[in-house]
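Chain by chain, the residues run as shown.
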Amino acid sequence: MAPLIQYLMGGLTLGSTYGLTALGFTLIWSATGIVNFAQGEFVMLGGMLAVAGVAVGLSQLWAILLAVAGTTVVGAMVERTMIRPLGRRPVLDVVIVTLGVAMVVRGLVMLFLGKETHVLEPFSGHVPLRVFGAAIMAQGVWVLATAAAVVGGLKVFFSATLEGKAMQACAHDPVAASLVGISVPRMTLLSFALSALLGAVGGVLITPITMTSYDVGILLGLKGFAACVLGGLGSPLGAMAGGILLGVVESLTAGYLSSAYKDAVALVVLLAVLFFRPTGLFGPRDVTRV
Amino acid sequence: MRRPFWLQVAVPIAVMGLLPLVFPGSYSLTVLILSVLHAMHAVGLCLLVGHAGQISLGHGGFYGLAAYTSAILSVRYALPVEVAMAGGVGLTVVVAALLGLPTLRLRGHALAMATLGLGIILNILFTEAVELTGGPSGFVGIPRLSFAGVVVDRDGAVYGLLVAVLGAMMALATNILNSRVGRALRTLHGSEAAAEAMGVDVAQAKRVVFVLSAGFSALAGVLYAHYLTFIAPSSFGFLFSVELIVMVVLGGMTSIPGAVAGAFLVTWLPEVLRAFENVESLLFGIILLGCIRFFPQGLAGAGASVGRWIGALLRCPRGEQDRG
Amino acid sequence: MLGWRWLVVIVMGWVGTGLAWAAEPIVFGAVVSATGPAAFLGEPQKNTFLLLEEEINAAGGLDGRPITIVVYDDESDVNKCVLAVRRLLDQDKVVAIFGPSLSGNTLAVTKVAAAARVPLISMAAAEKIVRPVDPWVFNTPQLDRHAGITILQHAKAAGHKRLALLTVSDGYGQAGRQVLQELISAQGFSLVADEVYGPKDTDMTAQLTKIVGAGADALICWGTNPGPAVVARNRMQLGLSIPLYMSHGVASPKFIELAGPAAEGILLPAGRLVAVDQVPDGHPQKAVLQAYVAAYTKRFGMPPSSFGGYAHDAVRLVAAAVRKAGVAEPAAIRDALENLQNVAGVSGIYSYSADNHNGLDASAFLMVSIQGSTWKVLP
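### Comments concerning the domain arrangement of chain C
All names here are of chain C. Segmenting chain C into domains produces domain 1 (26-141 + 286-362) and domain 2 (144-270). Spacing between the C-alpha centres of domain 1 and domain 2 amounts to 29 Å. Between domain 1 and domain 2, the residue contacts involve eleven residues of the former and nine residues of the latter. Taking both sides of the interface into account, the surface hidden between domain 1 and domain 2 amounts to around 910 Å²; carbon and sulfur atoms contribute 55%. Together, Phe-40, Glu-127 and Ala-362 form the three largest contributors to the area buried by domain 1 at its contact with domain 2, with a combined 39%. Applying the counting criterion to the domain 1 and domain 2 interface returns one salt bridge. In this structure, Glu-127 and Arg-145 form a salt bridge, with 2.8 Å as the shortest nitrogen-oxygen distance. Across the domain 1-domain 2 interface, the total number found is one residue pair in polar contact (both at pLDDT 80 or more).

### Side note on the interface of chain A and chain B
Listed as interface residues are 44 residues of chain A and, on the opposing side, 41 residues of chain B. Roughly 3,600 Å² is buried in total at the junction of chain A and chain B, and carbon and sulfur atoms are behind 83% of that figure. Where chain A touches chain B, the interface holds zero salt bridges. Joining chain A to chain B, the criterion identifies two residue pairs in polar contact (both at pLDDT 80 or more).

### Some details on the interface of chain C and chain A
How large an interface is tends to be reported as the accessible area lost when its parts come together. Taken together, the contact between chain C and chain A spans 29 residues of the former and 33 residues of the latter. Buried surface at the junction of chain C and chain A, summed over both partners, amounts to about 2,600 Å²; 57% is from carbon and sulfur atoms. Together, Lys-200, Arg-233 and Gln-237 of chain C form the three largest contributors to the area buried by chain C at its contact with chain A, with a combined 24%. Where Glu-43 of chain C meets Lys-115 of chain A, a salt bridge forms, and the shortest distance between an N and an O atom there is 2.6 Å. Between chain C and chain A we count nine residue pairs in polar contact (both at pLDDT 80 or more) in total. Of all the elements in the fold, those that place two or more residues in the side of chain C that touches chain A are helix H2 (39-58), strand E7 (190-197), helix H8 (205-213), helix H9 (227-238) and helix H10 (253-259) of chain C. With seven residues, H9 of chain C is the single largest residue contributor to the side of chain C that touches chain A. The residue inventory of the side of chain C that touches chain A, partitioned by class, reads eleven nonpolar, nine polar and nine charged.

### So, helix H6 (residues 162-172) of chain A
Residue and element names in this part refer to chain A. Of the residues making up H6, those classed as buried are Gly-164, Ala-166, Met-167 and Cys-170. In an axial view of H6, the angular spread of the buried residues amounts to 165°, which keeps them on one side of the axis. Seen from the buried face of H6, the exposed residues on the opposite side, beyond 90 degrees, are Leu-162 and His-172. Tucked into the core, H6 has its buried residues touching helix H1 (2-32), helix H5 (138-160), helix H7 (174-179) and helix H8 (184-210).

### Re the packing of helix H7 (residues 155-177) of chain B against helix H10 (residues 202-228) of chain B
All names here are of chain B. At a minimum axis distance of 12 Å, the contact between H7 and H10 shows a crossing angle of 180°. Between H7 and H10, the angle is such that the two are roughly antiparallel. The residues of H10 that touch H7, namely those facing Asp-155, Val-158, Leu-162, Val-165, Met-169, Leu-172 and Ile-176, are Leu-212, Phe-216, Leu-219, Leu-223 and Tyr-227. Along the lines of polarity and charge, the residues of the contact of H7 with H10 split into eleven nonpolar, no polar and one charged.

### Quick notes on H1 of chain A
Side chains of residues three or four places apart in an α-helix project in the same direction, reflecting 3.6 residues per turn. Look at H1 of chain A: 45 Å from first C-alpha to last across 31 residues, which is about the 45 Å you get at 1.5 Å a residue. Downstream of H1 of chain A by one or two residues, Gly-33 of chain A has phi in the positive range, about 75°.

### Some thoughts on the sheet that holds strand E1 (residues 26-32) of chain C
All names here are of chain C. The five strands are arranged E2-E1-E3-E4-E5 in an open sheet whose pairing can be described as parallel. Of all strands in the sheet, those with a lone pairing partner are strand E2 (67-73) and strand E5 (137-139), marking the two edges. In this structure, E1 lies alongside E2, joined through seven bridges in parallel fashion. From the neighbouring strand, Phe-28 faces E2, where its bridge partner is Ile-69. Its contacts with the sheet put H2 on E1, E2 and strand E3 (97-98), and the angle it makes with E2 is roughly 170°. Of the strands in this sheet, E1, E2 and E3 touch helix H3 (residues 78-90), which is tilted by about 180° from E1.

### Concerning the environment of Glu-192 of chain B
Residues and elements named next belong to chain B. Among the structural elements, Glu-192 can be located in helix H9 (residues 192-197). You can call Glu-192 partly exposed: its relative accessible area is 30%. Taking the C-alpha atoms as reference points, Glu-192 and Val-202, ten residues apart in sequence, are found 7.4 Å from one another.

### Notes on unusual backbone geometry
With the exception of glycine, most residues fall at negative phi, and the peptide bonds are largely trans. Residue and element names in this part refer to chain C. Note the cis peptide between Gly-99 and Pro-100, where omega equals 0°. With respect to the helices and strands, Pro-100 occurs in the loop between E3 and helix H4 (103-115). With omega at 5°, the peptide bond leading from Asn-225 into Pro-226 counts as cis. Tracing the sequence through the fold places Pro-226 in the loop between strand E8 (218-222) and H9. Despite not being glycine, Ser-76 shows a phi value in the positive range, around 60°.

### Re empty space enclosed by the protein
One pass over the full model with this rule turns up seven cavities of 30 Å³ or more. Computed from the structure, the largest cavity encloses a volume of approximately 140 Å³. Elements supplying a minimum of two residues to the lining of the largest cavity: H5 and H8 of chain A together with H9 of chain C. In terms of residues, the lining of the largest cavity owes the most to one element, H9 of chain C, which gives three residues. A volume near 50 Å³ is recorded for the second largest cavity. Forming the walls of the second largest cavity are Gln-142, His-248, Ala-251, Ala-270, Gly-271, Leu-273, Val-274, Ser-306 and Tyr-310 of chain C.

### Observations concerning the pairing of E1 of chain C
Residue and element names in this part refer to chain C. When you tally the buried positions in E1, you get six out of seven residues, the bulk of the element. The parallel pair E1 and E2, bridged by H2, forms a crossover whose chirality is right-handed. In terms of strand pairing, E1 meets E3 through two bridges, oriented parallel. Paired with Ala-30 across the bridge in E3 is Phe-98.

Cut-offs and rules
- Residues numbered from 1 in each chain as written.
- Chains lettered and ligands numbered in written order.
- Predicted model: local features only at pLDDT ≥ 70, side-chain atom pairs only at ≥ 80, totals over all residues.
- Heavy atoms only, no water.
- Domains from an automatic or database assignment.
- Contact = heavy atoms within 4.5 Å.
- Buried area = accessible area lost by both parts, 1.4 Å probe.
- Salt bridge = Lys/Arg side-chain N within 4 Å of Asp/Glu carboxyl O.
- Polar contact = N/O pair within 3.5 Å; in protein donor to acceptor, adjacent residues only side chain to side chain.
- Helix = DSSP H or I, 4+ residues; strand = E, 2+ residues; numbered from the N terminus.
- Nonpolar A, V, L, I, M, F, W, Y, C, P; charged D, E, K, R; others polar.
- Buried < 20%, exposed > 50% of the residue type's maximum accessible area, 1.4 Å probe, protein only.
- Arc of directions from axis to C-beta.
- Axes fitted to C-alpha atoms, helices over the stretch in contact; angles between N-to-C directions.
- Parallel < 35°, antiparallel > 145°, perpendicular 65-115°, else oblique.
- Expected span 1.5 Å × (residues − 1).
- Pairing = 2+ DSSP bridges.
- 1 Å grid on protein atoms, 1.4 Å probe; cavity = no way out; pocket = protein on both sides within 12 Å on 5 of 7 lines; lining within 4 Å.
- Points joined across faces, edges and corners; volume = space filled by probe spheres on them.
- Right-handed = clockwise from strand over helix to strand, strands pointing away.

Pasting the structure below:
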């Protein structure tokens, strides 16, 4: 019994790191209908900037705050300089631009912060917590709690604030949204800044567990994207649930089947969901408009 | 818009035939061979991305599946190279069809997600099935290309063969665009639903193009495996799939000769940029961004602009004379 | 007025270099993975080539000729590696090639170098590179086999019988896994768990839980950073008490930094570079190690890694071969390399022969334990 609980706890921690990345994807998708392939790089940037801050002698708290602020500014700048000038070009062009942005961010970080792997000190020390006989890192609890808070916050944001509703309206129909007085460019800017912020928060939270280097964004982006698809693009709860499901499937596969094929099994689950429930487990039912 | 066949196929092939004379030496020839192999993917992806409006992030996986299948059949099962190659291409096409059938019914980014997932699954197989694939450090000792017992072992001959295959692919792709499938895809720019109401089977056209592009990548894969005689999983990963998309974008998305030029550029550029090794990925990103922003028509569009510009220069003096 | 003074300076400079470098330089080539996933290997190697080129030229070159080392980055990619080697052979006309950094890339180019009849001195460890022997291919790292033997000797002395493996699924992990599987059964241990993890994985608690469940006495983890640091941290998280052996792939200060307090008590085989001050004064490697550490630290502001040491030894061995042959021709260098005996390098003491193109044995390794965030050599 104890191994099962340990696998579940491990999967939960791992999955919540995927889920945190997935939340940023979902936010931009909700506002713009764009799949932002630079989302993993935002997560990486948050972690790397915090590491760089600690390296120049800042306290970890200040380093983290500055890293999150810096990444948010980068997110906003990406939207202003790269996305907005494209205007009404096809979504495909915008998606490819995000691929380009990812390469540029990765290249700049490698150039200025180096190729080494780094780690941050865990927020609450190295002593693990014991839950039902399983060990979980204290940092894992930080990740889970933050993720839960973010999901709740986004839920409130989208359903109870004017900005949130306006943002969803933009994705649904940009023309109609602008007709009722919503500034679509402002909402796109807001969504990029917010998702960069979320990414950076995720990055600094998971770095004590997963470590970071200039190239971790690729894998994080892929896993986060997969988590989104699994949970249903556009739903914050779905993104988090998808991430945790992915992590738990990987962990259980490694424990009971084969550690070599754990990622493959998780992706087979993803493909199955895609084929049989294309909108994901928690996604809104898609209505085709003519 | 009907595309003149000679401009689309004959001229690019002639230019490629002359390149080894301009860039002699075995190193240059290796770069050219890799460029042509990449161009094969680019031609297929030009149809898929540029004309069917679908992104694939898994063509690297198809490339690898064909390469590994052919390597395994020819080495572990001692089949003749031609048979192994046919097996590699055949299996890949079947896998692509099985993936495309359910996926291309769906709208949006379903194909991007599905191909991404499949590409990574395939890469895990190449890495973990050590007994069969040689694992992460690669598959050694693949026989060289041969047909009916004649081994094609000179790089010059390999290059000629590859250019011929690429020419056939370009011709086929051009014909497809001028056929019913091409016309069906053109309706994508208008209303897909309206087209379907008129009886145009857009989904079927997308499937044809997807499977064809996977077939092109598979053919490139088997040729690559038997040219290099060594393959490793890292050559067929997600980043390679992205690089293929970059080639098509640089080429201007819809132009077949443009895609080929994009493939040559993306393959040559890192060799030219060796002096800047640490900033190479950065430069790649900047070029990609600049291209989308300023040359949405890519190399093809840039070529056309330069053509118009030269034409204008040539005409200009006469115009002034007229006025004078 | 300034003009003639400049002219004198230029002419003097020209005469000066003319005197020192009357001869054509000897051109060597190197292929390293300075970017991409294996940058941690290629970066110190690239630096080392730069350092040794300067050092050798400052000391008057080789046989009165200056040397040039043309370094290309293969970005950890096999196609780029093949291109780089062809370019070195075709355009730079090199007399010997150092590298590549990776086993897979090396296996892809050995035939190319051999066909051009130019010696290739790889900095990758896989046994397949040198066994069976290709006359033109050598390598400088200690073989995985030697590391495995060193670990198992320690495990046997400590009385462990049931061993578990946890290896990374890349070329390095695969090579180590194969050798260990073979050695473990040959030496009468039982292998109770054989798990793997991906190079970028961030959580190994599932594998560790399974290994504990299998009743292992000791665990051998085989990988390069950052995976093993994750394993160490997860082991501490789970409170596992079984001893953890690592490979020489993490014998760098970076591992201790990444693993933090979880590194304490970990055992691993390492070359003498990690603990130069603990090498006895009479040891033949002592002077070489001290010189390399001092020069590298001065030039690049950080201590060298054992991966850089592979590059150091490759250059020193080829330089010794050129001196021995008296001529910098590929075939002569190859023949001389095969006859080098007892050359002390950073990674060990090399003796090449016609049927041994690795030249090291298990004595190149020390068993060390991490104590107080530093390396302690075990007797």
